[in-house]
Amino acid sequence: RWVPFSAQDSERLEAAHGSGKDQDGVVVPTSGGRYDVHLRARQRVAVYWEEEAAEVRRCTWFYKGDKDNKFIPYSESFSEKLEEAYMIAMTLGEWKKKLESPNREVIILHNPKLMVHYHPVASSDDWVSTPTEQGRPRTVKRGVENIAVEIPNGEPLQIDHLVFVVHGIGPACDIRFRSIVQCVNDFRNVSLSMLQAHFRKAQEQQQVGRVEFLPVNWHSSLHSTGVDVDLERITLPSINRLRHFINDTILDVFFYNSSTYCQTIVDTVASEMNRLHRLFLQRNPHFRGGVSIAGHSLGSLILFDLLTNQKADPEEKEHCVQVGEEVKEILKKLELSEYCDVFEKEEMDRQALFLCTEKNLKEMGIPLGPRMKILHYISSETGTKVWSPSQLGDSSKDGRSCQYRDVGLGQVSANYPQLNYKPSIFFAFGSPIGMFLTVRGVKRIDPNYSLPTCKGFFNIFHPFDPVAYRIEPMIVPELEFEPMLLPHHKGRKRMHLELKEGLTRMSVDLKNNLLGSLRVAWQSFTRSPVPALEAGSSEAEAEAEASTEKQPDAKPEEPPATVKEETPPINVGKLNGGNRIDYVLQEKPIESFNEYLFALQGHLCYWESEDTVLLVLKEIYQTQGIALDQPLPGSQ
């Protein structure tokens, strides 16, 4: 399938082609710098990821394809022959020219507006005279302006922010079994359309360019370790496709919970993001924007574990020196002051100390006796054995601040690499982070805890996503509250949700009115005396009037129902700088008919979700002081 370059890229390629220079070493960046075109070899090569090189053609002549009626370019050499025959015919006025392509396909130039391509039909008869009358004739066009094709304008040259996107389990990332590269391409394309729709003013003032999204692939590295061969030996031959799918996809979760393969995965993700960051800066030396990271499904958990194990700079953590002093105090208390220098050399603080295993202490050169003292102290302080998920309790039960060691408890024992940059924001799509933390034994996240090097954290999920879990109830378990509803990118709630809410409100109003009427009727029936005298009847009327006057007094109780809609600010801790963390998408009308039917789609919908992309863009540009043209209703 042939795909046209953008108008911007085509101009650059044509300029390089017509420069008259030797084309041997000429390389032209295209597609926002993600691909390079080697002009002499006529090949387009991916810059940031591995991909088979694609053929490039300088197109001047086209014929209509057989299957989808799209125009296909002729090879450059044959296009030159067609152009030469066309110019001779135009100059001499002699038409009905017949040319034969290398594939024995015949092209007849009847006149400037009618040129036909005949495709030969496969036949066992070798005595066919000419292929002219065989096959269905196809239209031939000269020049791209004469064919119906959408040529994109191209992407803005200015890059404001860089986002690395990490995939979840398996090699396929959506319901069409596409790779992470293709899915991130969709996400990037949606972001460009959202920028045009919601940041038009900033674009006109040249404050906004675009956000670059680069995919990070760890699945191929994991499965190139030889584990697939080992699995193949022990896999049963029955239901072959299902077993192959499980081995290639579902088992990634188990690999991540294995210390051997967890190390491979975190090393791959961290090294790949560092490599991409270095390469991006080499190719964009004037880039001064920030870097954020996003993860889908298991990818978000990998990133979360990496971020919890990053080391903050001393200037960013004022209490860093104080924490170091805490370790000295602990060692002094245990009569192990002589090992202070060892812990200082390893940049060990209280939080890191509580994450230490016996193996870690042994690697640091701590003898057996002191090791046992330190491990016993950790065990007595946390009320659990180190790294023993089966005996994990609520670390906040003794009133001590758990902070960093809370989210670190139960992690697979691995050496988590450091990133070369500090991410601005961490976006999690359809994330199981909450579930994994709970399974690891973390019952509560300290409200004062924040990721060491990343100030922002957004947990975005579809309401029917079976893999997604919330984070906020782990920070504020005593409160019950809904996640933030992501506003629709067109600035309103979806119609079926508004209708649903309207009907709910109407039923509540009807119920309240009916109960109020019954209450008034019951009161008037029980309180009114038997009408024996005129005075009694007048008293009954007075009571009835009083009761009817009381009825409007009940109406002021209704406004709280409308007040409830305006959710009071909820303190969800410092994990996202005091802002809300959980954001839920609005389901589509067709999805609301059967949530089970659309559960899988709910987990794979984020790549083309305008609402998700718009939230990402809004939060990224908010860090630069740039807001949407018009704030969306219901947004924070």
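Structure shown above.
If you're wondering where the values come from, they're calculated on a predicted model, not measured in any experiment.

Caption draft 1: Representation of the overall build of the protein in the model. The helix and strand inventory of the protein stands at 22 helices and 17 strands. For the protein, the share of sequence-separated contacts (at least 6 apart) that also reach a separation of at least 24 residues comes to 70%. For the protein, the accessible surface area stands at approximately 35,400 Å², while carbon and sulfur atoms represent 54% of it.

Caption draft 2: Spatial organisation of unusual backbone geometry. At Arg-42, a residue that is not glycine, the phi angle is positive and equals roughly 55°. Position of Arg-42 among the secondary structure elements: in the loop between β2 (35-38) and β3 (43-46). Looking at Arg-42, the relative accessible area reads 18%, which means it is buried. The residue Gln-206 is not glycine, and still its phi comes out positive at about 60°.

Caption draft 3: Quick peek at helix α7 (residues 240-256). Its 17 residues place the ends of α7 24 Å apart at the C-alpha level, agreeing with the 24 Å of an ideal helix rising 1.5 Å per residue. If you look at α7, its biggest bend is around 45°, right at Ile-250. Among the residues of α7, those classed as buried are Asn-247, Asp-248, Thr-249, Leu-251, Asp-252, Phe-255 and Tyr-256. The inward-facing, buried residues of α7 abut α5 (219-223), α6 (227-234), α8 (259-283) and α9 (298-308).

Caption draft 4: Focus on the sheet that holds strand β8 (residues 106-111). Taken in spatial order, the 6 strands make up an open sheet running β6-β5-β10-β9-β8-β7, and their pairing is antiparallel. The sheet is open, and its two edges are formed by β6 (71-73) and β7 (97-100), each paired on a single side. On average, each strand axis in the sheet is tilted by 30° relative to the strand beside it, whichever way the strands run. Note that β7 and β8 share 4 bridges and pair antiparallel. Bridge assignment links Lys-98 to a residue of β8, and that residue is Ile-108.

Caption draft 5: Molecular detail of helix α2 (residues 76-92). With 17 residues, α2 extends 24 Å between its outermost C-alpha atoms, agreeing within 8% with the 24 Å of an ideal straight helix rising 1.5 Å per residue. Contacts made by the buried residues of α2 are with β5 (61-64), β7, β8, β9 (114-118) and β10 (137-142). Gly-93 sits one or two residues past α2 and shows a positive phi near 75°.

Caption draft 6: Geometry of the nonpolar core. Residues Phe-164, Met-273 and Phe-426 are the most contacted members of the largest nonpolar core, which totals 103 residues. Per-element tally for this core: the top contributor is α8, with 9 residues. Those residues in contact with Met-273 that sit more than four places away from it in its chain are Phe-164, Val-166, Val-216, Ile-293, Leu-303, Leu-306, Leu-419 and Tyr-421. Core analysis: the next-biggest nonpolar cluster, separate from the first, contains 19 residues, Phe-343, Leu-353, Leu-361 and Ile-374 among them.

Cut-off values and rules
Residues numbered from 1 in each chain as written. Predicted model: local features only at pLDDT ≥ 70, side-chain atom pairs only at ≥ 80, totals over all residues. Heavy atoms only, no water. Helix = DSSP H or I, 4+ residues; strand = E, 2+ residues; numbered from the N terminus. Contact = heavy atoms within 4.5 Å. Areas by Shrake-Rupley, 256 points an atom, 1.4 Å probe, with all protein chains shown as cover. Buried < 20%, exposed > 50% of the residue type's maximum accessible area, 1.4 Å probe, protein only. Expected span 1.5 Å × (residues − 1). Bend = angle between axes of the 7 residues up to and from the residue. Pairing = 2+ DSSP bridges. Axes fitted to C-alpha atoms, helices over the stretch in contact; angles between N-to-C directions. Core = buried A, V, L, I, M, F, W, Y, C linked by side-chain atoms within 4.5 Å.

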